[in-house]
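# Structure assessment
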Amino acid sequence: MTEHRYGPTRAGTVLLDLGADTGALVLYAPADLLGAEIEISHDTSGAPRTHAAVRARPAPSGTKYAAVYEGLAAGGYTIWRDHDTPAGHVTITGGQVTSFHWCGQGTLPLTPLPPTR
């Protein structure tokens, strides 16, 4: 697997593909998950998983840490804590951005990548 080192995002660096049947997910995470790749999958049998990295996201109220999943077909999705354990469930609605807050401290078995300096 290729190692990626993501720096913080800047204003205007995230574009979302939203449409009648397409939405997006912003997954807020604790800072200790910076760089971790969190998987999600549509709630249909055999659906493939996709992942996104948790990145620092500057905001007026301070830095937030989040993974952004864009272009998701409307419907139910499972957020995976690890290969076998769900961390939660969300419903994506077309034309909207859904948010999910990771509960507790980061406990992913993945080793988060060190932040870019």
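Residues numbered from 1 in each chain as written. Predicted model: local features only at pLDDT ≥ 70, side-chain atom pairs only at ≥ 80, totals over all residues. Heavy atoms only, no water.

It is characteristic of soluble globular proteins that their nonpolar side chains tend to be buried jointly. Counting 18 residues, the largest nonpolar core has Leu25, Leu27, Ile38, Tyr69 and Ile79 as the members making the most contacts within it. Elements that contribute at least two residues to this core include exactly β1 (22-28), β2 (37-42), β5 (64-73), β6 (75-80) and β7 (86-92). Ranked by the residues each element gives to this core, the list is headed by β5, at 3 residues. Beyond its immediate stretch of four places on either side in the chain, Leu27 contacts Ile38, Tyr65, Ala66, Ala67, Tyr69, Ile79, Phe100 and Trp102. (Core = buried A, V, L, I, M, F, W, Y, C linked by side-chain atoms within 4.5 Å. Buried < 20%, exposed > 50% of the residue type's maximum accessible area, 1.4 Å probe, protein only. Helix = DSSP H or I, 4+ residues; strand = E, 2+ residues; numbered from the N terminus. Contact = heavy atoms within 4.5 Å.)

Throughout the structure, instances matching the rule amount to 0 aromatic pairs. Sitting over the ring of Trp80, Arg49 keeps its end group 3.8 Å from the ring centre. (Phe/Tyr/Trp six-rings, centres within 6.5 Å; stacked < 30°, edge-to-face > 60°. Lys NZ or Arg CZ within 6 Å of the ring centre and 35° of its normal.)

This brings us to the environment of His101. Along the chain, His101 falls in strand β8 (residues 97-101). The class of His101 is exposed, set by a relative accessible area of 51%.

This next bit is on the side chain of Thr78. Topologically, Thr78 is positioned in strand β6. On the accessibility criterion, Thr78 (14% relative accessible area) is buried. Within the local environment of Thr78, its side chain forms a polar contact with the side chain of Asp43, the two groups lying 2.7 Å apart. (Polar contact = N/O pair within 3.5 Å; in protein donor to acceptor, adjacent residues only side chain to side chain.)

Within the element layout of this structure, Thr98 appears in strand β8. From its side chain, Thr98 meets the backbone oxygen of Thr91 in a polar contact 3.4 Å long. If we ignore the near neighbours within four places in the chain, the residues touching Thr98 are Ala24, Leu25, Val26, Val90, Thr91, Ile92 and Thr93.

On to the pairing of β8, then. Because side chains alternate across β8, one face comprises the buried residues Thr98 and Phe100, and the other comprises Val97, Ser99 and His101, none of which is buried. Direction of pairing for β1 relative to β8: parallel, over a ladder of 5 bridges. When the sheet's bridge partners are listed, Leu25 is paired in β8 with Thr98. (Pairing = 2+ DSSP bridges.)

Attention shifts here to the confidence of the model for the protein. Averaged over all residues, the pLDDT of the protein is 82; the fraction at 70 or higher stands at 75%. Note that pLDDT drops below 50 for residues 106-117; the model gives that stretch 30 contacts with residues more than four away or on any other chain. (pLDDT = per-residue confidence, 0-100.)

Okay, the sheet that holds strand β3 (residues 49-53) next. Strand pairs in the sheet, formed through backbone hydrogen bonds, run parallel or antiparallel to each other. Strand order in this open sheet of 4 strands is β3-β2-β6-β7, and the pairing throughout is antiparallel. Pairing within the sheet leaves two strands with one partner each, and these edge strands are β3 and β7. In this sheet, adjacent strand axes meet at a mean angle of 30° when their direction is disregarded. One ladder, built from 4 bridges, connects β2 with β6; its direction is antiparallel. Paired with Ile40 across the bridge in β6 is Ile79. (Axes fitted to C-alpha atoms, helices over the stretch in contact; angles between N-to-C directions.)

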